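Each chain, letter by letter, is given below.
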Amino acid sequence: MGSVWVKYPTLIGTNYWLLYCVFFKLFFIVFTGIADAVDDSVEGGVVKKIESVEKKMNSFGIKEVSAVDPSLSQCVKLFDSEPLALHSDGDVVIGGVFPLHYVASHPHFDHRAFRWMMTMVFAIEEINRNSTLLPDVTLGYRIMDSCDHIHTSLRALFSLIRTSQSESSSCLSGSPVSYFATCMCLADKHMYPSFLRTVPSDFFQVRGLVQLVTFLGWLWVGTIGTTDDYSHYGIQAFSNQFRQQGGCVAFHLTIPKSPTAEEIQDMADKLQSSTAHVVVVFATEGQLLDLLLEVSASRNVTGIQWVASESWVTANLLTSPHFHPLLEGTLGFSFPGVWIPGLKDFLLNVRPSPKPGMEFVNMFWEEQFDCAAEKLLCTGSEDLRDSSYTDVSQVRISYNVYKAVYAIAHALHTLLNCDSAGLGKKCGKHKSFTSEQVGRPDVPESSTECTKCPEYYWSDTEKVKCVAGVEEFLSFYETMGIILVALTILGVVLTAITAIVFHRFRSTPIVRANNSEISFLLLLSLKLCFLCSLVFIGQPSVWTCRLRQAAFGISFVLCLSCLLVKTIVVLLAFRTNLPGSRSLKLFGPSQQRTLILCTTAPQICLCAGWLLGAPPFPFRNPTYQIVVECKEPWPPGFYLVLGYIGLLAFICLLLAFLGRKLPDTFNEARLITFSMLIFWAVWISFIPAYVSSPGKFSVAVEIFAILASSFGLLLCIFLPKCYIILMRPEKNVKKSITGKYPR
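The shown structure was predicted, so the numbers you read here are calculated from the model rather than taken from an experiment. (Residues numbered from 1 in each chain as written. Predicted model: local features only at pLDDT ≥ 70, side-chain atom pairs only at ≥ 80, totals over all residues. Heavy atoms only, no water.)

Asks: Is there a simple way to think about the overall build of the protein in this case?
Replies: Across its full length, the protein holds 23 helices and 21 strands. Scored against the burial criterion, the 743 residues of the protein give a buried share of 51%. Expressed as a percentage of contacts within the protein between residues at least 6 apart in sequence, the contacts between residues at least 24 apart total 72%. Of the roughly 35,300 Å² of accessible surface on the protein, a fraction of 59% belongs to carbon and sulfur atoms. (Helix = DSSP H or I, 4+ residues; strand = E, 2+ residues; numbered from the N terminus. Buried < 20%, exposed > 50% of the residue type's maximum accessible area, 1.4 Å probe, protein only. Contact = heavy atoms within 4.5 Å. Areas by Shrake-Rupley, 256 points an atom, 1.4 Å probe, with all protein chains shown as cover.)

Set out below in structure tokens:
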């Protein structure tokens, strides 16, 4: 439990108090436990006991509080009949209550809670050094120990109230700001209209825990809780949602406020005898300690899968070697960890002191270095660097404390008009205001209750309403589309010019040397390769989706079939020069046409079957904005088309590589080899780029691959021939082409 009090002598007048109750971890226990405390007071005279001072504490010789549980007297020490407090004066005094001790069979000092407390001190001192936040207001603090217990929490609260009353001042209650109160009950704005917190509600944690256990197939589980509202609401919500998902709760154990040895043993018996080996626990480590000691130490129970709530999933209990056989493998959700600059250095500089108000620090020091147990003298210079207390690489709850203090500071800063131009760098200390003006979270009211937008709709920039999404595709009018269209036209024009040149000089040796008919067919297929890229640009429609991959696949196979025939002709032409060889005569024009038809037909059949069986269709993909694309219901179809192209390209490369050193001066096999290397380089790099590119960029990648490989084939095979035809006509003779006579 924690409370934040704000002492402000100059807000309304000298020695006036303004009380900001910032109830931390057990805020909800205080209010929901008041009825229980009243009942107990009637039965056992607890109220009188809370006000009494019975005996001195053994270790400190200071008076103590008598409470319902006798063990509580050891963790609340009195000074002048008041509970101990770590305090520092200021214009505004922020009070906090932390569970520095938790009571099991005997009190334990919680190093984590001590770090939370010192983080609050660190945040306050950091704000005091900040010249822009509350520039002329000094924050102070008064921090007390709740002992993780309702009655002690109430006593700490009443002590703060009595302290304020002793100053003969007015006391105004304000908005609680909690750093650890996750109970869903606190979301009731009718009962807690001004309650604020820097942690999410258990609503989200419960939903996550249900998803976790059901995902892992654990549908037969037990639950353990306590008598407080945090546990009651958490277990109730978990059980209801768990049953809706088909799960069953095997048992539920409730740990009493101050369990007896018989009650602990009875709970251990039920836990040990149950057939459920998965146990979900909503409790704190202090409330669990006696039960875990009984189960692990006295009975040596193992094999239980624990699912922990956030209040103990990161507790030191899990790191103790004593509990490893029982608790290893525990699962749960924790708050996200962050790093707070300067916090570690601050914690390392904490030192004990005999001065009043430093008792909590002294307790921590003796607990940390076992000075009292070993009857050693603490010097105050011991090294804290190896302590879990100073491990702040990923703080969680400490960060929630840090945010809570800053929330109060920013609320005061705004409330006191500290940014007002008329006040300069000063705050309006004499401004009067009510407790209801502490403020509220400066976020949209529906942030935590998100509603999914309908399909093809997106949330606006403020995340408050759904707006129609903008359709996106590779357009002819955007920069990328214009560039690709220009490259396509350039390729078609160059192919047409090449065809015109070849037709004009069709009777010359360099054109006739390798079957001019195949050369013209190759130029036609290259023109189709360039043109098919246009089908990929623009808004997809039914016919463009069906045409694009088929046009691409057939055009490239036709092109590669022509290259394959050309390569074979080069190889056979060389063998014809050998005595007795008739290879080229057996592979004449008709055979060449037949081979082109036979190698192209499988691709035509594959594309026809693909389009008839599972044709691609236009699809609005909302994954990346709303991308209009062609959806392929049978993805293997595309990879089969691409694979067949790769097979023909590999055969062409292999045969061309074998004929690259033939003795002809103008050896077309070398040109085909080089063109195939470029082809392979383009398409090997295409596959990973295509798979990893989002939305319309995958279409652009495929168009680029089509254009790059088409340009590679056109330039590598035909540019050298055009150069000789147009620029070096003296070499366009049979003697120069074959190399049989000196040039």
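Asks: What exactly am I supposed to notice about the environment of I596 here?
Replies: Locating I596 in the fold gives a position in helix 19 (residues 589-613). Assessed through its relative accessible area of 5%, I596 is described here as buried. Leave out the neighbours within four places in its chain, and I596 touches I518, L521, L558, S561, C562 and V565.

Asks: Is there a simple way to explain helix 4 (residues 111-129) in this structure?
Replies: Think of an α-helix as 3.6 residues a turn; residues three or four steps apart then line up on the same face. Taking 1.5 Å per residue, 19 residues should reach 27 Å; helix 4 reaches 27 Å between its end C-alpha atoms and fits that length. With 16 of 19 residues buried, helix 4 is to be regarded as a mostly interior element. Put simply, D110 is the residue that caps the front of helix 4, since its side-chain oxygen is 2.9 Å from the backbone nitrogen of R112. (Expected span 1.5 Å × (residues − 1). Polar contact = N/O pair within 3.5 Å; in protein donor to acceptor, adjacent residues only side chain to side chain.)

Asks: Looking at this structure, how should I read the pairing of strand 12 (residues 220-226)?
Replies: For strand 12, the tally of buried residues reaches six of seven residues, placing the bulk of the element in the interior. Pairing of strand 12 with strand 13 (residues 248-255) involves seven bridges; the strand directions are parallel. Within the sheet, the bridge partner assigned to G225 lies in strand 13 and is T254. Regarding topology, helix 7 (residues 229-244) serves as the crossover connection from strand 12 to the parallel strand 13, and that connection is right-handed. (Pairing = 2+ DSSP bridges. Right-handed = clockwise from strand over helix to strand, strands pointing away.)

Asks: Could you clarify how one ought to interpret the nonpolar core in this entry?
Replies: In terms of nonpolar packing, the biggest core is built from 68 residues, with F552, L563, M676, F679 and W683 touching the most fellow members. Counting residues per element, the ones that place at least two in this core are helix 14 (479-504), helix 15 (509-512), helix 16 (516-532), helix 17 (542-576), helix 19, helix 20 (636-658), helix 21 (668-692) and helix 22 (696-727). Ignoring any residue separated from it by four or fewer positions in sequence, one finds L563 in contact with L522, C652, I672, M676, L713 and I717. Core analysis: the next-biggest nonpolar cluster, separate from the first, contains 57 residues, L86, M118, M120 and I397 among them. (Core = buried A, V, L, I, M, F, W, Y, C linked by side-chain atoms within 4.5 Å.)

Asks: Explain the environment of G329 here, please?
Replies: When you line up the elements, G329 lands in the loop between helix 10 (324-327) and strand 16 (331-332). G329 gets classed as partly exposed once you look at its relative accessible area, which sits at 47%. In contact with G329, not counting residues within four places along its chain, are Q305 and W306.

Asks: Just checking my understanding: could you explain the sheet that holds strand 13 for this structure?
Replies: The pairing of strands in a sheet comes from backbone hydrogen bonds and takes either a parallel or an antiparallel form. Read from one edge of the open sheet, five strands run 13-12-14-15-16, paired in parallel fashion. Edge positions in the open sheet fall to strand 13 and strand 16, since each of these has one partner strand only. Strand contacts of helix 7: strand 12, strand 13 and strand 14 (278-281), with the helix running at about 165° to strand 12, the strand carrying the most contacts. (Axes fitted to C-alpha atoms, helices over the stretch in contact; angles between N-to-C directions.)

Asks: Whenever I open this one, the pairing of strand 9 (residues 139-145) confuses me. Can you help?
Replies: Side chains on a regular strand alternate between the two faces of the sheet. In terms of burial, strand 9 is a largely internal element, seven of the seven residues being buried. Side chains L139, Y141, I143 and D145 of strand 9 all project onto a buried face; the interleaved residues G140, R142 and M144 project onto the opposite face, where all are buried too. Relative to strand 9, strand 5 (residues 85-88) runs antiparallel, the two being bridged by four bridges. By the bridge assignment, L86 is partnered in strand 9 with I143.

Asks: What am I meant to see in the UniProt feature "transmembrane region" (unreviewed entry) in the protein here?
Replies: The sites that carry the UniProt feature "transmembrane region" (unreviewed entry) are, in the present numbering, residues 16-35, 480-502, 518-538, 550-574, 595-617, 637-659, 671-691 and 703-726. Helix makes up 100% of residues 480-502 and strand 0%. Its end C-alpha atoms lie 33 Å apart. In residues 671-691, helix accounts for 100% and strand for 0%; the two terminal C-alpha atoms are 31 Å from one another. (UniProt positions renumbered as here; feature names shortened; annotations may be inferred.)

Asks: Could you clarify how one ought to interpret the sheet that holds strand 9 in this entry?
Replies: Read from one edge to the other, the open sheet built from three strands follows the order 5-9-6, with strand pairing classed as mixed. The sheet is open, and its two edges are formed by strand 5 and strand 6 (92-98), each paired on a single side. Ignoring which end each strand starts from, the neighbouring axes of this sheet average 10° apart. In terms of strand pairing, strand 6 meets strand 9 through seven bridges, oriented parallel. Among the inter-strand pairings, I94 is bridged to a residue of strand 9, identified as Y141. Sheet strands touched by helix 4: strand 5, strand 6 and strand 9. Its angle to strand 9, the strand with the most contacts, is close to 170°. In this fold helix 12 (residues 359-369) packs onto strand 5 and strand 9, with an angle of close to 130° to the strand it touches most, strand 5.

Asks: Would you take a moment to explain the packing of aromatic side chains for this structure?
Replies: For any two aromatic rings, the description comes down to two numbers: the centre-to-centre distance and the angle of the planes. The full count for this structure, using the stated rule, is 27 aromatic pairs. Geometrically, the ring pair formed by F122 and Y402 is stacked, given 6.2 Å between the ring centres and 25° between the ring planes. Residue F122 is located in helix 4, and its partner Y402 is located in helix 13 (residues 397-415); the two are separated by 280 residues in the primary sequence. Across the pair, exposure class does not vary: F122 and Y402 are buried alike. Taken together, a centroid distance of 5.3 Å and an interplanar angle of 35° make the contact between F552 and W683 tilted. Here W683 lies in helix 21 and F552 lies in helix 17, a separation of 131 residues in the sequence. (Phe/Tyr/Trp six-rings, centres within 6.5 Å; stacked < 30°, edge-to-face > 60°.)

Asks: Which parts of the structure should I look at to understand the packing of helix 4 against helix 12?
Replies: Two quantities define a packed helix pair, namely the angle between the axes and the distance from one axis to the other. Contact geometry of helix 4 with helix 12 gives a least axis separation of 11 Å together with a crossing angle of 145°. Helix-helix and strand crossings are classified by hand; for helix 4 and helix 12 the assignment is left-handed. Here H111, F114 and M117 of helix 4 lie close against helix 12, whose contacting residues are F360, V361, F364, E367 and Q368. Considered class by class, the residues forming the contact of helix 4 with helix 12 number five nonpolar, two polar and one charged. (Left-handed = near helix turned anticlockwise from the far one by under 90°. Nonpolar A, V, L, I, M, F, W, Y, C, P; charged D, E, K, R; others polar.)

Asks: Before we go on, may I ask you to explain helix 7 in this structure?
Replies: For helix 7, which comprises 16 residues, the first-to-last C-alpha distance of 22 Å matches the rise-based estimate of 22 Å (1.5 Å per residue) to within 8%. Backbone nitrogen of Y230 and a side-chain oxygen of the N-cap are separated by 3.3 Å at the start of helix 7; the cap is D228.

Asks: Mind showing me how you'd approach a nonpolar patch on the surface here?
Replies: Taken together, the side chains of I483, L487, I489, L490, V493, L494, I497, L715 and L719 present a nonpolar region at the surface, about 740 Å² in accessible area. If you tally residues by element for the nonpolar patch, the top one is helix 14, at seven residues. For V493, the position within the fold is in helix 14. Residue classification places V493 among the partly exposed positions, given a relative accessible area of 38%. (Patch = residues over 30% accessible without salt bridge, like charges linked within 9 Å, V, L, I, M, F, W, Y side chains within 5 Å. Salt bridge = Lys/Arg side-chain N within 4 Å of Asp/Glu carboxyl O.)

Asks: Honestly, the side chain of S675 in this entry has me stumped. Any pointers?
Replies: Secondary-structure assignment places S675 in helix 21. When residues no more than four places from it in sequence are discounted, the contact partners of S675 are G712, L713, C716 and I717.

Asks: Honestly, the pattern of salt bridges in this entry has me stumped. Any pointers?
Replies: Should the charged atoms of two oppositely charged side chains come close, the side chains can pair. Under the defined criterion, the tally for this structure stands at nine salt bridges. In this structure, the salt-bridge partner of E294 is R299, at a minimum N-O distance of 3.0 Å. In this structure, R728 and E730 form a salt bridge, with 2.7 Å as the shortest nitrogen-oxygen distance. Note on R728: relative accessible area 29%, which makes it partly exposed. Among the charged side chains, a salt-bridge network with shared partners connects D269, E294 and R299.

Asks: Just checking my understanding: could you explain the packing of helix 16 against helix 22 for this structure?
Replies: Packing of helix 16 against helix 22 brings their axes to within 9 Å, and their N-to-C directions diverge by 155°. Our classification of the angle between helix 16 and helix 22 gives roughly antiparallel. Every pair of crossing elements has a handedness; the one defined by helix 16 and helix 22 is left-handed. Across the interface between the two elements, S519, L522, L523, L526, C529, F530 and C532 of helix 16 pack against I706, L707, S710, F711, L713, L714, I717 and F718 of helix 22. Looking at the contact of helix 16 with helix 22 residue by residue, the classes come out as 13 nonpolar, two polar and no charged. (Parallel < 35°, antiparallel > 145°, perpendicular 65-115°, else oblique.)

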